[in-house]
Amino acid sequence: MMAFNRLSPATQGILLMLLTIFMFSIMDALAKGLAARYDTFQVVWARYSSQTLVAVIILLPRLKTVAKTRYFGLQLIRSAFLFIATMCFFFGIVLVGLAQSSAIMSINPMLITIGAFLILGEPLGLRRALGVSLGLLGALIVIRPGTDVFTPAALLPVVSAVCYAGYSLSTRFLGREESVWTSFLYTAAIGTVVASLIVPWFWTTPTLTDAALMLLLGAVGGMGQLSLIKALSVAEAGAIAPFAYIGPLLAAVWGVLFFNEIPDIWVWFGAVVIVGSGIYVWQREYRLAKSGG
């Protein structure tokens, strides 16, 4: 931890973002597996309720302090953004596929970077914009517009990407003002309340094994969300956004390992472009931090 704290804020944010994407990719794979046996609304409920349980257990000694917020309205809005993003994406991976949905979803780094420039006043230099554009190009190579990926159901991950960008930008703002744990708690609790109002109409009693997987789903998602909140509190949103392009690559790997979804050569070619864009942005941010620029 001491070594991590000595890293520049940009490097810390990048490493935390990579952890975020890895955890979210595992969550998405678990969600796809569970959605084959349970209604997607129930899977969304499991994601939020189990995360809330974990949050309460961790924060119980200081729950009253953490629950205090000066920005309840904004906490409500950002939680709504994430809830809609989660619901649309979970339905997307069921109807469109894991790798394809992740690729479509990867337009959100571009949205975050542009939004950070327009709304938060963060710098948008030529090289950062180029890194984002290259990552988007890699995603387009994966999904290849004009193919069967673009069905009406493909709009679900598009909506998810827009809402996730809104969530990330509001989280970045709150990261300057409130505790990471406060944002973590409100996102979990508000999502649980909304999902609990919906799930009774779609409920199927899970087996013990699936109940454990549902608990794991929320725990992994919560860890990813916590690392994302922390990343956005230490680094500019535009600097770490391009690393979300690693998501489609991980989704393709889990698709091969667990769902027999075999990507073609274009997926792997696009993945190389995606990873290259992330490395390019990281090197730029590292050089700027080292030079004090």
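In what follows, the accompanying structure is described.

Definitions and limits used
- Residues numbered from 1 in each chain as written.
- Predicted model: local features only at pLDDT ≥ 70, side-chain atom pairs only at ≥ 80, totals over all residues.
- Heavy atoms only, no water.
- Helix = DSSP H or I, 4+ residues; strand = E, 2+ residues; numbered from the N terminus.
- Buried < 20%, exposed > 50% of the residue type's maximum accessible area, 1.4 Å probe, protein only.
- Contact = heavy atoms within 4.5 Å.
- Areas by Shrake-Rupley, 256 points an atom, 1.4 Å probe, with all protein chains shown as cover.
- Salt bridge = Lys/Arg side-chain N within 4 Å of Asp/Glu carboxyl O.
- Core = buried A, V, L, I, M, F, W, Y, C linked by side-chain atoms within 4.5 Å.
- Phe/Tyr/Trp six-rings, centres within 6.5 Å; stacked < 30°, edge-to-face > 60°.
- Lys NZ or Arg CZ within 6 Å of the ring centre and 35° of its normal.

Let us look at the overall build of the chain. In terms of regular secondary structure, the chain is built from 14 helices and zero strands. Sorting the 293 residues of the chain into buried and exposed places 52% on the buried side. Counted over contacts in the chain with a minimum sequence separation of 6, partners at least 24 positions apart contribute 90%. Working note: accessible area of the chain is about 13,200 Å², and carbon and sulfur atoms make up 73% of it.

This part is about the pattern of salt bridges. A side chain with one charge can pair with a side chain of the opposite charge if their charged atoms come near. Tallying each qualifying case throughout the model produces one salt bridge. A salt bridge links D210 to R37; its shortest N-O distance comes to 2.9 Å. Note that D210 is positioned in helix α11 (residues 208-234) and R37 in the loop between α2 (9-35) and α3 (40-59), a separation of 173 residues in sequence. On the accessibility criterion, D210 (7% relative accessible area) is buried.

A word on the nonpolar core. Judged by nonpolar contacts, the single largest core of 59 residues is most densely connected at F90, Y164 and L217. The element contributing the most residues to this core is α2, with twelve residues. Sequence-distant contacts of L217, that is, excluding residues within four places in its chain, are made with M27, L30, A31, L34, V43, A46, R47 and S50.

Let us look at the packing of aromatic side chains. Scanning the model with the defined rule gives nine aromatic pairs in all. With 5.2 Å between their ring centres and 85° between their planes, W45 and W203 make a pair best called edge-to-face. Placement of W45 in helix α3 and of W203 in the loop between α10 (180-198) and α11 is noted, with a sequence separation of 158 residues between them. Pairing W181 with F184 gives two aromatic rings, centres 5.8 Å apart and planes at 90°, and the pair type is edge-to-face. Placement of both W181 and F184 in helix α10 is noted, with a separation of three residues, approximately one turn of the helix. Exposure remark for W181: the relative accessible area of 24% places this residue in the partly exposed category. Residue classification places F184 among the buried positions, given a relative accessible area of 2%. Aromatic ring contacts, followed pair by pair, group F22, W254 and F258 into a single cluster. Over the ring of F259 we find K32, and its NZ or CZ is 5.5 Å from the ring centre. Just above the ring of Y48 sits the side chain of R47; from NZ or CZ to the centre is 4.8 Å.

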